[in-house]
Amino acid sequence: MKNFILGLAVLSTVVMKAQTRVIAHRGYWQTQPPTTENSLKSLENAQKLKIYGSEFDVRMTKDGILVINHDEHHAKMEISETDFKTLEQVKLSNGEDFPTLKDYLKQGKKDKALKLIVEIKPDKTKEKEDELTAKTIKMIKDMKLGSQCEFISFSLNICKEIKKLEPSFKVQYLKGELSPQQIKDEGLDGLDYHFSIFQKNPTWIADAKALGLITNAWTVNDVATADELKKQGIGFITTNIPDQLKK
């Protein structure tokens, strides 16, 4: 009987470890009352959900300040061509100040249980991408947040640059054109693809897992698609509805 109970406990632990985990896409911002994506409030909301992680986007201003914003523009200003002092004059739609990476990491540090999924956005040249990547990695290491952060990018150059600067950091590629074997050959840790890529390539989740790679799907905003991916054994789901999918 004792062996049976022990067996059940082990099986339960394996199942729990195998469960698909949830990442909030640009924080948890579809709340009541609503906030806005990539805001400090959206990160705080994600922290309260007790999910795996919260994703956010890093860009660099003309004067080299690292900021959090998904689009290339803040208001009508192109971030890479505008100084931070000008950009910060326009607040976010929820009334918050335009956030810097330092601000965001300070809030992230308040809850060590929530992983910070750092998306470094592509820039106009390799030199700019390398500068953005180096500054991001330095700030994270200076703030002693390396173990709490994981990294994603649509730029293969950025992904490889992160691994070059800090081989221990987990890095996943976003674009979707590389097979699991190609991801492995590039020395990266996983593939974080739009869910439609996995639907078009139904063996890729299993192939990736066999290669020891992380699997993540974005942006999954309905329960049916999430359930389909879970059945295939996806490791992570990035979503705008983390409150619903965590159930």
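Note that this is a predicted model, so its numbers are computed, not measured.

A. Molecular detail of the pattern of salt bridges. As enumerated under the stated definition, the model contains 16 salt bridges in all. Between Glu-78 and Lys-124 there is a salt bridge whose closest N-O contact spans 2.8 Å. You can see Glu-78 sitting in strand β5 (residues 77-78) and its partner Lys-124 sitting in the loop between β6 (115-120) and α5 (126-142), a full 46 residues away along the chain. A relative accessible area of 53% places Lys-124 in the exposed class. Lys-141 is the partner of Glu-166 in a salt bridge, and the nearest nitrogen-oxygen pair spans 2.8 Å.

B. Quick look at the layout of surface pockets. Volume-wise, the largest pocket comes out at about 230 Å³. Lining of the largest pocket is provided by 13 residues; of these, Gln-19, Thr-20, Arg-21, Val-22 and Lys-246 occupy positions nearest its centre. Looking at the lining of the largest pocket residue by residue, the classes come out as six nonpolar, three polar and four charged.

C. The packing of α5 against helix α6 (residues 156-165), seen in detail. Packing of α5 against α6 leaves a shortest axis separation of 10 Å and a crossing angle of 45 degrees. The orientation of α5 relative to α6 falls into the category oblique. Both α5 and α6 take part in a crossing whose hand is right-handed. Each of Lys-126, Glu-129, Asp-130, Thr-133, Ala-134, Ile-137 and Lys-141 in α5 lies in contact with α6, whose residues at this interface are Asn-157, Ile-158, Glu-161, Ile-162 and Leu-165.

D. Spatial organisation of the packing of aromatic side chains. According to the stated counting rule, one finds seven aromatic pairs in the structure shown. Considering the side-chain rings of Tyr-52 and Phe-236, the 4.8 Å spacing of their centres and the 55 degrees angle between planes classify their relative orientation as tilted. Highlighted residues: Tyr-52 in the loop between α2 (40-49) and β2 (53-60) and Phe-236 in strand β11 (residues 236-239), separated in sequence by 184 residues. Classification of Tyr-52 as buried rests on a relative accessible area of 15%. Classification of Phe-236 by relative accessible area gives buried; the value is 9%. Relative to Trp-204, the ring of Tyr-193 lies with its centre 6.1 Å away and its plane at 55 degrees, an arrangement referred to as tilted. Here the residue Tyr-193 occupies a position in strand β9 (residues 190-194), and Trp-204 occupies one in helix α9 (residues 204-210), the gap between them amounting to eleven residues. Ring pairs connect the aromatic residues Tyr-193, Phe-198 and Trp-204, which therefore count as one cluster.

E. Quick peek at the UniProt feature "domain: GP-PDE" (unreviewed entry) in the chain. Those places that UniProt annotates as "domain: GP-PDE" (unreviewed entry) correspond, in this numbering, to residues 20-247. Helix makes up 36% of residues 20-247 and strand 21%, with an end-to-end C-alpha separation of 11 Å.

F. Representation of the pairing of β2. Among the eight residues in β2, eight count as buried, and that is most of the element. Across the two faces of β2 the burial is the same, with Gly-53, Glu-55, Asp-57 and Arg-59 and Ser-54, Phe-56, Val-58 and Met-60 all buried. Where strand β1 (residues 21-24) lies against β2, two bridges are found, and the strand directions are parallel. Paired with Ala-24 across the bridge in β2 is Ser-54. Direction of pairing for β2 relative to β6: parallel, over a ladder of six bridges. Along β6, the bridge assignment pairs Glu-55 with Ile-117. As paired elements, β2 and strand β3 (residues 66-68) share three bridges and run antiparallel to each other. Considered in β3, the bridge of Arg-59 is made with Val-67. Hairpin connection from β2 to β3: five residues lie between these consecutive antiparallel strands, with Gly-64 at a positive phi of about 85 degrees.

The rules behind these values
Residues numbered from 1 in each chain as written. Predicted model: local features only at pLDDT ≥ 70, side-chain atom pairs only at ≥ 80, totals over all residues. Heavy atoms only, no water. Salt bridge = Lys/Arg side-chain N within 4 Å of Asp/Glu carboxyl O. Helix = DSSP H or I, 4+ residues; strand = E, 2+ residues; numbered from the N terminus. Buried < 20%, exposed > 50% of the residue type's maximum accessible area, 1.4 Å probe, protein only. 1 Å grid on protein atoms, 1.4 Å probe; cavity = no way out; pocket = protein on both sides within 12 Å on 5 of 7 lines; lining within 4 Å. Points joined across faces, edges and corners; volume = space filled by probe spheres on them. Nonpolar A, V, L, I, M, F, W, Y, C, P; charged D, E, K, R; others polar. Axes fitted to C-alpha atoms, helices over the stretch in contact; angles between N-to-C directions. Parallel < 35°, antiparallel > 145°, perpendicular 65-115°, else oblique. Left-handed = near helix turned anticlockwise from the far one by under 90°. Contact = heavy atoms within 4.5 Å. Phe/Tyr/Trp six-rings, centres within 6.5 Å; stacked < 30°, edge-to-face > 60°. UniProt positions renumbered as here; feature names shortened; annotations may be inferred. Pairing = 2+ DSSP bridges.

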